[in-house]
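# Topology and contacts: notes
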Amino acid sequence: MAEKKTVKAAAPKAAPVKKAAPAKKAAPAKKAAPAKKAEAPKNEVYFDAVNAGFKAGEVYQVLAAAGKAMTVSDIAKKAKATNEEVILGIGWLLKEGKVTSVDNKIILA
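So, a few notes on the structure that sits alongside this text. Just so we're clear, the structure is a prediction, and the values are computed from it rather than from any experiment.

### Concerning the overall build of the chain
Each helix and strand in the chain was counted, giving three helices and two strands. When the helices and strands of the chain are read in sequence order from the N terminus, they spell out α-α-α-β-β. Expressed as a percentage of its 109 residues, the buried residues of the chain come to 20%. When contacts within the chain are restricted to residue pairs at least 6 apart in sequence, long-range pairs at least 24 apart make up 52% of them. Just so you have it, the chain exposes about 9,900 Å², and 59% of that area is on carbon and sulfur atoms.

Here you go:
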């Protein structure tokens, strides 16, 4: 007797299965930054009548103590102020006629 060959029927091809996108991991929680202190800006000059008057007084005191003509930077060093503050004070004193300028130096009038 002859053997029958059995042929297995091929399984129908299934549509390719798309892989689901991997779930994104949640970002680790960041530590909250410490609250920043409100710092006053350095080297900031406030232009108002009170400040200008005080700077003028400081400039006048430095010039009176020196007794000679001084440059703006020399006055600033002695008064422990910025050049801008010294110029503000000199402007006040110039307006009042208490200082004059000689050879790019300031002297009491």
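Text resumes after the structure shown.
### Some thoughts on the pairing of strand β1 (residues 99–102)
One ladder, built from four bridges, connects β1 with strand β2 (residues 105–108); its direction is antiparallel. Counterpart to Thr100 in the pairing with β2 is Ile107. Hairpin connection from β1 to β2: two residues lie between these consecutive antiparallel strands, with Asp103 at a positive phi of about 50°.

### Focus: unusual backbone geometry
Even without glycine at this site, Asp103 takes up a positive phi of about 50°. Tracing the backbone shows Asp103 in the loop between β1 and β2. Notably, Asn104 is not glycine yet its phi reads approximately 60°, a positive angle. Relative to the helices and strands, Asn104 is located in the loop between β1 and β2.

### Concerning helix α3 (residues 83–96)
Here α3 spans 20 Å end to end across 14 residues, near enough to the 20 Å set by a 1.5 Å rise per residue. Listed in full, the buried residues belonging to α3 are Glu85, Val86, Leu88, Gly89, Ile90 and Leu93. Check the buried side of α3 and you find it contacts α1 (49–66), α2 (72–79), β1 and β2. One or two positions beyond α3, positive phi appears at Gly97, with a value near 80°.

### Some details on the side chain of Lys55
Looking at where Lys55 falls in the secondary structure, it is placed in helix α1. For Lys55, a relative accessible area of 12% translates into the label buried. The contact partners of Lys55, leaving out residues within four places of it in the chain, are Glu85 and Gly89.

### Quick notes on the packing of α1 against α2
Running from N to C, α1 and α2 cross one another at 100°; their axes reach a closest spacing of 10 Å. One element, α1, and the other, α2, form an angle in the roughly perpendicular class. Along the contact surface, α1 presents Glu58, Val59, Val62 and Leu63, while α2 presents Ile75, Lys78 and Ala79. Class assignment of the residues belonging to the contact of α1 with α2 gives a composition of five nonpolar, no polar and two charged.

The rules we used
Residues numbered from 1 in each chain as written. Predicted model: local features only at pLDDT ≥ 70, side-chain atom pairs only at ≥ 80, totals over all residues. Heavy atoms only, no water. Helix = DSSP H or I, 4+ residues; strand = E, 2+ residues; numbered from the N terminus. Buried < 20%, exposed > 50% of the residue type's maximum accessible area, 1.4 Å probe, protein only. Contact = heavy atoms within 4.5 Å. Areas by Shrake-Rupley, 256 points an atom, 1.4 Å probe, with all protein chains shown as cover. Pairing = 2+ DSSP bridges. Expected span 1.5 Å × (residues − 1). Axes fitted to C-alpha atoms, helices over the stretch in contact; angles between N-to-C directions. Parallel < 35°, antiparallel > 145°, perpendicular 65-115°, else oblique. Nonpolar A, V, L, I, M, F, W, Y, C, P; charged D, E, K, R; others polar.

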